[in-house]
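Chain by chain, the residues run as shown.
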Amino acid sequence: MKTFFIFTILPAVLLADLLVGNFGFSFSLTALTLIYFSGSMGLKHTLPAAVAAGMFLDMCCARQEAFSAATLLAATAAGMYFIPRKEFRGSLIRSLPAGAAAEGVFVFANAVAVTCIYGKTGYPSGLAAHLATAMLFGMLCFPGIAVLFDALAALLNLPRYMASDPEDLLVRAETTPAIPVETASGRRRRR
């Protein structure tokens, strides 16, 4: 089911990236999605998805030199470095650097690859402007992606990015484990 979820979400995000790239913006929704997948499902599913997404981007852009797979892997690795441990993901504030780092590495790696291949960066307004814009976009957009995909993962009973143990559902050690019951006020209580 994890593989189905990844390969259902990834084409939609890749098509959105191609559309955004046609308008001249240099950020990547695919890099943010791959960070989400690495934080929720692990590397076993994320790394092949990053390689497949990079190859798809290179084929759609008709690039003879395939560098998008390496760029997406580098962006995912940079974002994974800043992902907090699972028990500290109750608030999305701690995950903001992960989105900024992934977008920054994505833009910088694309600029380096394009410069090495074609001799110019491909960013007419300069690398610094695109880097700052992409990092700001990654920092602001990653929490929205995490909330949206967590809602879809909850419907499919898949692992989520956010810590999913609210305080009122934790089983206390001194009491016997009980199933929480929802009351008419919406609060949960134990039997």
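Residues numbered from 1 in each chain as written. Predicted model: local features only at pLDDT ≥ 70, side-chain atom pairs only at ≥ 80, totals over all residues. Heavy atoms only, no water.

Structural notes on helix H2 (residues 29–40)
Between the first and last C-alpha of H2 there are 17 Å, a value that for 12 residues agrees with the 16 Å anticipated at 1.5 Å per step. Extensive coverage of H2 is indicated by the burial of 12 of its 12 residues. When we look at burial in H2, the residues that qualify are Leu-29, Thr-30, Ala-31, Leu-32, Thr-33, Leu-34, Ile-35, Tyr-36, Phe-37, Ser-38, Gly-39 and Ser-40. Of the surrounding elements, those touching the buried residues of H2 are helix H1 (2–22), helix H3 (43–60), helix H4 (68–81), helix H5 (96–118) and helix H6 (127–155). Regarding H2, its N-cap is Ser-28, as a side-chain oxygen of that residue lies 3.3 Å from the backbone nitrogen of Thr-30 further along. Looking one or two residues past H2, Gly-42 carries a phi angle of roughly 95 degrees, positive in sign. (Helix = DSSP H or I, 4+ residues; strand = E, 2+ residues; numbered from the N terminus. Expected span 1.5 Å × (residues − 1). Buried < 20%, exposed > 50% of the residue type's maximum accessible area, 1.4 Å probe, protein only. Contact = heavy atoms within 4.5 Å. Polar contact = N/O pair within 3.5 Å; in protein donor to acceptor, adjacent residues only side chain to side chain.)

What to know about the side chain of Asp-17
Residue placement: Asp-17 occurs in helix H1. A distance of 2.4 Å separates polar atoms of two side chains, one belonging to Asp-17 and the other to Thr-30. When sequence neighbours within four positions are dropped, the list of residues in contact with Asp-17 reads Phe-27, Ser-28, Leu-29 and Thr-30.

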